[in-house]
Amino acid sequence: EYESNDIIAKIKGKCSQNEPFVIVFLGINGVGKTTTIAKFSNVLKKNNISVVIAGADTFRAGAQEQIDVHAKRLDIPIIKGQYGGDPASVAYNAILYAKSRGICAVLIDTAGRMHSDVDLMEELKKIIRVTKPDMKILVVDALTGNDAVEQAKLFNENIGIDAIIITKIDADVKGGVAISVSNITKKPIIYLGYGQSYDDIKKFDPKEYINNLFD
């Protein structure tokens with residue numbers, strides 16, 4: 001399951017057919033979702049994959065500005081929305097933008113107010129319906145332990161996720177979260193985030209991870 005999960009190859013494959021690969025990023029506020037999207041954009045750029053970001057979090061104050069700062073630093077186009085606006089239309093506009101300019105990957109940032117929020121789940125479901133993403137990636141914070149497991153369960157049951165990125169892995173002493181989260185969702189972990197720099201993201205290596213666990 002882990003081996004076949006080369007997301008770079010999947011994106012390039014779809015792009016070779018002149019179709020953008022659409023990824024929706026899910027996760028509650030505070031897990032490092034926006035920074036993760038920036039880091040992942042950087043990974044794609046290094047692999048010669050063109051990117052556009054959709055700032056579809058029209059709920060949280062400062063969300064648009066935060067993703068905009070990253071996009072400017074990384075020299076990546078961004079499609080933004082108005083606060084209180086329809087996030088699904090922002091996401092859809094980003095896909096149209098990608099199609100008209102031959103951009104390979106569309107990365108959609110979404111709102112993450114409390115994971116038990118029914119309105120949020122309905123909003124996310126609408127984004128998924130409108131964008132028909134190729135992948136839904138859940139971002140969880142290693143430091144939140146059992147909360148991360150609960151979030152993974154909730155998002156997977158309500159929205160359905162395809163893969164997981166775990167952030168702040170450097171600060172997690174034992175790192176048991178990865179096993180728990182992957183186990184409860186039966187979905188692969190694809191990247192680990194750490195540190196502040198855009199380069200601070202690495203592919204998840206199960207063997208290396210297990211070795212660290214037993215060190």
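As the structure is a prediction and not an experimental result, all values here were calculated from the model. (Residues numbered from 1 in each chain as written. Predicted model: local features only at pLDDT ≥ 70, side-chain atom pairs only at ≥ 80, totals over all residues. Heavy atoms only, no water.)

## Things to note about the state of the cysteines
And then number 1: Per the counting criterion, the structure on display carries one disulfide.
And then number 2: Between the sulfur atoms of Cys15 and its disulfide mate Cys104 the distance is 1.7 Å. Handedness here is read from the sign of the S-S torsion; for Cys15 and Cys104, about -80°, the answer is left-handed. Taken together, the positions of Cys15 in helix H1 (residues 7–15) and Cys104 in the loop between helix H4 (87–101) and strand S4 (105–110) put the pair 89 residues apart, joining distant regions of the chain. Each member of the pair, Cys15 together with Cys104, is buried. (Disulfide = S-S within 2.5 Å. Helix = DSSP H or I, 4+ residues; strand = E, 2+ residues; numbered from the N terminus. Buried < 20%, exposed > 50% of the residue type's maximum accessible area, 1.4 Å probe, protein only.)

## Some words on the sheet that holds strand S3 (residues 78–80)
Strand pairs in the sheet, formed through backbone hydrogen bonds, run parallel or antiparallel to each other.
And then number 1: One open sheet holds the eight strands; their spatial order is S3-S2-S4-S1-S5-S6-S7-S8, and the pairing between them is mixed. Each end of this open sheet is capped by a strand with a single partner; those strands are S3 and strand S8 (201–203). On average, adjacent strands in this sheet sit at an angle of 20° to one another, irrespective of strand direction.
And then number 2: Where strand S7 (residues 189–193) lies against S8, three bridges are found, and the strand directions are antiparallel. Its bridge partner being in S8, Leu192 is matched across the sheet by Lys202.
And then number 3: Packing of H1 onto the sheet brings it into contact with strand S1 (21–26), S4, strand S5 (135–141) and S7, and relative to S1 it is tilted by some 140°.
And then number 4: This element, helix H2 (residues 33–46), spans S1, strand S2 (51–56), S4, S5, strand S6 (163–167), S7 and S8 of the sheet and lies at about 170° to S4. (Pairing = 2+ DSSP bridges. Axes fitted to C-alpha atoms, helices over the stretch in contact; angles between N-to-C directions. Contact = heavy atoms within 4.5 Å.)

## With respect to the packing of aromatic side chains
Two numbers describe a pair of aromatic rings. These are the distance of the centres and the angle of the planes.
And then number 1: Within this structure, the stated rule accounts for two aromatic pairs.
And then number 2: Judged by centre distance (5.7 Å) and plane angle (70°), the rings of Phe40 and Tyr191 are edge-to-face. Separated by 151 residues along the polypeptide, Phe40 in helix H2 and Tyr191 in strand S7 bring together distant segments of the chain. As far as the burial class goes, Phe40 and Tyr191 line up, both buried.
And then number 3: Among the aromatic residues, those joined into a ring-pair cluster are Phe25, Phe40 and Tyr191.
And then number 4: Directly above the ring of Phe59 sits Arg113, whose terminal nitrogen or CZ lies 3.9 Å from the centroid.
And then number 5: Lying over the aromatic face of Tyr194, Lys202 brings its terminal NZ or CZ to 5.9 Å of the ring centre. (Phe/Tyr/Trp six-rings, centres within 6.5 Å; stacked < 30°, edge-to-face > 60°. Lys NZ or Arg CZ within 6 Å of the ring centre and 35° of its normal.)

## Considerations on the packing of H2 against helix H3 (residues 63–74)
And then number 1: Interaxial distance between H2 and H3 falls to 10 Å at its minimum, and their mutual angle equals 20°. Between H2 and H3, the interaxial angle falls into the category roughly parallel. Here the hand of the crossing between H2 and H3 comes out right-handed. Note on element contacts: H3 touches H2 through Gln66, Ile67, His70 and Leu74, opposite Thr34, Thr35, Ile37, Ala38, Ser41, Asn42 and Lys45.
And then number 2: In terms of residue class, the contact of H2 with H3 is built from four nonpolar, six polar and one charged. (Parallel < 35°, antiparallel > 145°, perpendicular 65-115°, else oblique. Left-handed = near helix turned anticlockwise from the far one by under 90°. Nonpolar A, V, L, I, M, F, W, Y, C, P; charged D, E, K, R; others polar.)

## Some words on a nonpolar patch on the surface
And then number 1: On the surface, Tyr92, Leu96 and Val130 cluster together into a nonpolar patch covering about 240 Å² of accessible area.
And then number 2: Note on placement: Val130 falls in helix H5 (residues 118–131). (Patch = residues over 30% accessible without salt bridge, like charges linked within 9 Å, V, L, I, M, F, W, Y side chains within 5 Å. Areas by Shrake-Rupley, 256 points an atom, 1.4 Å probe, with all protein chains shown as cover. Salt bridge = Lys/Arg side-chain N within 4 Å of Asp/Glu carboxyl O.)

## Thoughts on unusual backbone geometry
And then number 1: Backbone geometry at Asn18 places phi at a positive 60°, although glycine is not the residue there.
And then number 2: Structurally, Asn18 can be placed in the loop between H1 and S1.
And then number 3: Looking at Asn18, the relative accessible area reads 70%, which means it is exposed.
And then number 4: Not every positive phi belongs to a glycine, and Lys186 is a case in point at roughly 60°.
And then number 5: Mapped onto the elements of the fold, Lys186 is located in the loop between helix H7 (177–185) and S7.

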